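Spelled out, the chains give:
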Amino acid sequence: MTLPDWNPHATLEPLCLPWLTAAGLQLAVLRLDALDPLVSGNKWFKLAPYLAKAARDGAEGVISLGGAHSNHLHALAAAGARFGFPTVGLLRGEAQDTPTVRDLQHLGMQLHWLGYGGYRARHKPGFWDAWLRHYPHYQPIPEGGGGLMGAQGCVALVGMIRQQLSGLGWDDYHSLWTAAGTGTTLAGLVLGEAGDHPVIGALAVPPDHGVADQVSAILAEAGRADRGYRLIDASRGGFARVDAVLARFLLDSERDGGLELEPLYTAKALLAIHDEAQAGRIPGGSRLVLLHTGGLQGRRALHSDLLRLAGYTDRAVEAQG
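The notes below deal with the structure included here. (Residues numbered from 1 in each chain as written. Predicted model: local features only at pLDDT ≥ 70, side-chain atom pairs only at ≥ 80, totals over all residues. Heavy atoms only, no water.)

Some thoughts on the sheet that holds strand β3 (residues 61-66)
Read from one edge to the other, the open sheet built from 4 strands follows the order β5-β4-β3-β6, with strand pairing classed as parallel. Each having just a single partner strand, β5 (110-113) and β6 (138-140) make up the two edges of the open sheet. Across the sheet, the mean angle from the axis of one strand to that of its neighbour is 25°, orientation sign disregarded. Sheet topology places β3 next to strand β4 (residues 87-91); 5 bridges connect them, and they run parallel. Paired with serine 64 across the strands is glycine 89, a residue of β4. In the packing of helix α4 (residues 99-106) onto the sheet, the strands contacted are β4 and β5, and the crossing angle to β5 comes to about 135°. (Pairing = 2+ DSSP bridges. Helix = DSSP H or I, 4+ residues; strand = E, 2+ residues; numbered from the N terminus. Axes fitted to C-alpha atoms, helices over the stretch in contact; angles between N-to-C directions. Contact = heavy atoms within 4.5 Å.)

If you want it as structure tokens, here you go:
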């Protein structure tokens, strides 16, 4: 297993929306969604350290876990297809047909459906033993590329932001925002910021899903203090929970700002900024940076639901555009 020296660079772009202007805020988006047609988003940065280790260790391939709409597995399968190494995906639940699953198959990933009970067992001791007997010389990658290694892969994003501030006419920014599903990317940003700017994590999962503990554990393993960040509940009551308010906000933001969003992560983070601004908790004149963490491939299965929830039709959206 060998990997090329591929270090993609995301652009930092201003996003103009009426409510930002009304609140006196400036917002720039780090376009991780536009890195590459397939290997995109924050997922690549979390994967890269694990793939490099697999190559150093002489692994023949890699194996990881995710759901039927998993951005993580999608990026992993795409990287395997592009860079020429085999991949195996262990999927939650029973076999189903989704655009993501079809992509995984097309990209050559070997899929195994674990059911729900089998997937819950992924944290039990010995879970990997049987799979590594079946796929010897394959290296496991934690679900979502989580853990300290995944966080370390995201540290470089802070430098990527700072290198482009002058292009916006900015000399600094006040806070860095990201959606948080496991907390790995957020922890990486905290490590990269090293206390220079607060990192705000908009929780895409309910607060009791362990993100705070995960971030604390990663920072402790890195030998860093458990500070420099804040978590906001943006989950709308559950992971992958999309309601009418979020759907309408997403579609209206796309129309007004020209930036495509997905509803599970980045749209929730942007809505969290909106709500914090409306509540007066972000001072006027602030300059904010938001990570667009990608995941647009997963939106394909949700587009009709977004229109239905928002009370829109395809024709109505086109007319508003």
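Next, the rest of the story.
Comments concerning the packing of aromatic side chains
In this structure the tally under the stated criterion is 7 aromatic pairs. Taken together, a centroid distance of 6.2 Å and an interplanar angle of 45° make the contact between tryptophan 19 and phenylalanine 249 tilted. Of this pair, tryptophan 19 sits in helix α1 (residues 18-23) while phenylalanine 249 sits in helix α12 (residues 244-257); the two residues are 230 residues apart in sequence, bridging distant segments of the chain. Here tryptophan 19 falls in the buried class, since its relative accessible area comes to 12%. For phenylalanine 249, a relative accessible area of 12% corresponds to the buried category. With 5.2 Å between their ring centres and 80° between their planes, phenylalanine 127 and tryptophan 128 make a pair best called edge-to-face. The class for phenylalanine 127 is buried, based on a relative accessible area of 12%. In this arrangement the basic side chain of arginine 82 is found over the ring face of tryptophan 6, its NZ or CZ atom lying 5.7 Å from the centre. (Phe/Tyr/Trp six-rings, centres within 6.5 Å; stacked < 30°, edge-to-face > 60°. Buried < 20%, exposed > 50% of the residue type's maximum accessible area, 1.4 Å probe, protein only. Lys NZ or Arg CZ within 6 Å of the ring centre and 35° of its normal.)

Section: helix α10 (residues 184-193)
Within α10, 10 of the 10 residues are buried, which leaves the element mostly enclosed by the surrounding structure. Looking one or two residues past α10, alanine 194 carries a phi angle of roughly 50°, positive in sign.

Topic: the packing of helix α2 (residues 42-56) against helix α3 (residues 71-83)
For the pair α2 and α3, interaxial distance at closest approach is 10 Å and the crossing angle is 55°. As the angle between them shows, α2 and α3 are arranged oblique. The interaxial crossing formed by α2 with α3 has right-handed handedness. The residues of α3 that touch α2, namely those facing Lys43, Trp44, Leu47 and Leu51, are Asn71, His72, Ala75, Leu76, Ala79 and Phe83. Of the residues that constitute the contact of α2 with α3, the class distribution is 7 nonpolar, 2 polar and 1 charged. (Parallel < 35°, antiparallel > 145°, perpendicular 65-115°, else oblique. Left-handed = near helix turned anticlockwise from the far one by under 90°. Nonpolar A, V, L, I, M, F, W, Y, C, P; charged D, E, K, R; others polar.)

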